Amino acid sequence: MTPPRVPVRRSRRRLVQLAVVALLSTFAVPVLSASPASASGPLRTHAAARGKFIGFAAATSPLANEAAYRTIAQTEFNQITAENVMKWDTTESSDNNWNFSGADQIVNFAVANNQQVHGHTLVWHSQTPGWVQGLGATAMRTAMQDHIATLVGRYANNASVVSWDVVNEVFDENGGFRSSFWYNTLGQSFIADAFRYARAADPDARLCINDYNVEGINAKSTAMYNLVQSLRAQNVPVDCVGFQGHLATQYGFPSDLQQNMQRFAALGVQVRVTELDVRIVMPRSTAKDTTQATYYSNVVNACMAVTACAGVTIWGFTDKYSWVPDTFPSEGAALLYDANYQQKPAYTAVHNALDNGTSDTQAPSTPSSLAASGITSSSVNLSWTASTDNVGVAGYDILRAPGTSGGSFAQVGTSTTASFSNTGLSANTSYRYQVRARDAAGNVSAVSNTVTVTTTGGGTGDTQAPSTPGNLAASGTTSSSTNLSWTASTDDVGVTGYDILRAPGTSGGSFAQVGTSTTASFSNTGLSANTSYRYQVRARDAAGNVSAVSNTVTVTTTGGGTGGGCSVTATVQTQWNGGYVMQPITVTNTGTSAISSWTVTFTLPPGHTLVGQWNGVITTSGQTATAKNAAYNGSLAPGASTTFGFQVARPSGDNSTASGFTCATP
Ligand code: 9MR
């Protein structure tokens, strides 16, 4: 962070902030519990206990007029963002004609309730009056400077106003700069200028760049990462990155959110979730509420796990006031409370994520009416009545026992829905099934009723097993893998595949299936160095008839070099005409001792250039790239993995990606 120009003011504000935190945890503010974080405490108590904020975007009318709104606002949250009234069209609708009434209302409320205010937003292409949009370059830059100086300056000595969104939504979805009137008139320089003007107006405010669809690692968030890195290298005072978090259950959760936050944190900036909401396609249902609750917990958990994440702001709190239905008419119900101020599962999810699950001890209800259908010689479809849970059902465990009695139940799969298809069964064989439900805190329900299934004998009455695979042999054994091949089986109807079985060591232990193959070869990876394994294969046909097992081959992996070996797997996460992101590139210690560094080499096709990288240090020589670990991810215990990633620009029309990844230690 750029050093403050007025250290006296900074320390005064920091003292007041400390006092606010102290107040939060020791004194009763109106309707706030005096006790430390407890199971029944409001959100802000639990957040403060973990050194984070939990906030909401405030609408001024209900804040002034509705007691129910105001009570929740002050009880549950320790941070506020103005949803609209600090934007340019409200504060300076014509040149130098200022209206601070809404902004002051929110700041005064925050001061009275010991809450932080995040100023939103100074420079945005939306909700900016026409008089600004029509200016020429020099006048536009001056207007921007005046606006920032006046608005930020007004609250610079207010201890509650601690941060600002300086620029908002400056990227397009491909990671280019948005073609806004700002960019079209001033070019990229408007961004650095805005931050410098904000720093001059308030030397100790936290200054953020904010955007949407940057929660996961993708082209847009990588562009943002590169911009923040380059601005900071030029001493532009960017302190903080805001991930808006406008999520929708129908589009899936950005599962690399935490990893994305972490790579920004490694640049030295604070990160925060600034506008979280999780909309659903209406109408609400128990299942959608549950999914939504899971998204909320995931976001809060990610922030809790990243030290540099200051907190989470929810874009409102009641479905009565949400921007979503106005913008997406068939969607809504995105917030923690319904339109009647009743808490939804999303509230409980946020609460329990903030208190680390310590208050959720309630298990889901028992799944019921477990039934089997579509039974073939090798598969069965199971379905059951979904469980309910106070927070939300995270998933179901599918349990199976052999035969119609005796034996014991073991887990054969999981499902996030109330159905499951179990494949790979033997023909003419009985199995018993049960399911149980889990929630995010790890509470597990009782098991459902048991359903017994007997597979059919095969559609055509085929009872003839394939011939036994012969001549099983291993080749190309490394410290972590081996290639198996064998003589193919024959069958009266046709071989559908082979089961690959493995036992540990050169004798003893038992064989367990480690994979399947539809051809007469198989590569088994992920092995330990200097270790022996035995392999067998057997063939299956469509009716579920299984051959005898082949001969046994014993394999001993190599030593993996001094200090241990490593392997690398590379994934293309996203690509577009002109570039791609490879992420995660997973480096695994395949050796038997810890390693303290690793080197991955790979080849960039002609014309491909590296434009961004994270969690590693990549250098290139011609088209050969060498990635070495970053300072913090070189040490890997045996079997442990880490990841890094990079972005590449490539010629238009070229669909190739980097290849030839190899890993070595050191
Ligand atoms: O929630 C805000 C809504 O009331 C306004 O009409 C809208 C105007 O564009 O802005 C909404 O808030 C936006 C925020 O300021 C920036 N990120 C996206 C938010 C949702 O559109």
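What counts, and at which threshold
- Residues numbered from 1 in each chain as written.
- Predicted model: local features only at pLDDT ≥ 70, side-chain atom pairs only at ≥ 80, totals over all residues.
- Heavy atoms only, no water.
- Buried < 20%, exposed > 50% of the residue type's maximum accessible area, 1.4 Å probe, protein only.
- Helix = DSSP H or I, 4+ residues; strand = E, 2+ residues; numbered from the N terminus.
- Pairing = 2+ DSSP bridges.
- Contact = heavy atoms within 4.5 Å.
- Near = heavy atom within 4 Å.
- Polar contact = N/O pair within 3.5 Å; in protein donor to acceptor, adjacent residues only side chain to side chain.
- Areas by Shrake-Rupley, 256 points an atom, 1.4 Å probe, with all protein chains shown as cover.
- Nonpolar A, V, L, I, M, F, W, Y, C, P; charged D, E, K, R; others polar.
- Axes fitted to C-alpha atoms, helices over the stretch in contact; angles between N-to-C directions.

(A) Layout of the pairing of strand β1 (residues 53–58). Taken across its 6 residues, β1 has 6 buried, putting it largely inside the fold. The two faces of β1 match: F53, G55 and A57 on one face and I54, F56 and A58 on the other face are all buried. Examined bridge by bridge, β1 and strand β2 (residues 79–82) share 4 bridges and lie parallel to one another. Opposite F56, over in β2, you have I80 as the bridge partner.

(B) Representation of helix α4 (residues 67–76) within the structure. Residues of α4 that are buried include every one of Y69, I72, A73, Q74, T75 and E76, and no others. Considering only its buried residues, α4 is in contact with α2 (43–49), β1, α3 (60–65), α6 (101–112) and α15 (345–354).

(C) Structural view of the site of the ligand. For the ligand, the set of nearby residues contains 14 residues, the closest of which are E83, N84, K87, H120 and E275. Between an oxygen atom of the ligand and a side-chain N or O atom of K87, the distance comes to 2.6 Å. Taking E169, its side chain carries an N or O atom lying 2.9 Å from a nitrogen atom of the ligand. When the ligand sits alone it has 450 Å² of accessible area, and the protein chains cover 75% of it. The residue makeup of the shell around the ligand, split by class, is 3 nonpolar, 7 polar and 4 charged.

(D) Highlighting the sheet that holds strand β30 (residues 609–614). Strands sit in the order β27-β28-β33-β30 across an open sheet of 4 strands; the sheet is antiparallel. Two strands bound the open sheet, and with one partner strand each, they are β27 (566–576) and β30. Taken over all neighbouring pairs, the strand axes of this sheet differ in orientation by 25° on average, direction set aside. As paired elements, β30 and strand β33 (residues 641–649) share 5 bridges and run antiparallel to each other. Bridge pairing in β33 links L610 to V648. Helix-sheet contacts for helix α11 (residues 219–233) involve β27, β28 (579–589), β30 and β33, and the interaxial angle to β30 is about 85°.

(E) Region of the structure containing the sheet that holds strand β23 (residues 512–517). With antiparallel pairing, the 4 strands of this open sheet are ordered in space as β23-β22-β25-β26. The sheet terminates laterally at β23 and β26 (553–556), the two strands that pair on one side only. Ignoring which end each strand starts from, the neighbouring axes of this sheet average 30° apart. Sheet analysis places strand β22 (residues 495–504) next to strand β25 (residues 532–541), joined by 9 bridges and oriented antiparallel. Within the sheet, the bridge partner assigned to R502 lies in β25 and is Y535.

From the geometry alone we can't say anything about function, so treat these as descriptive.
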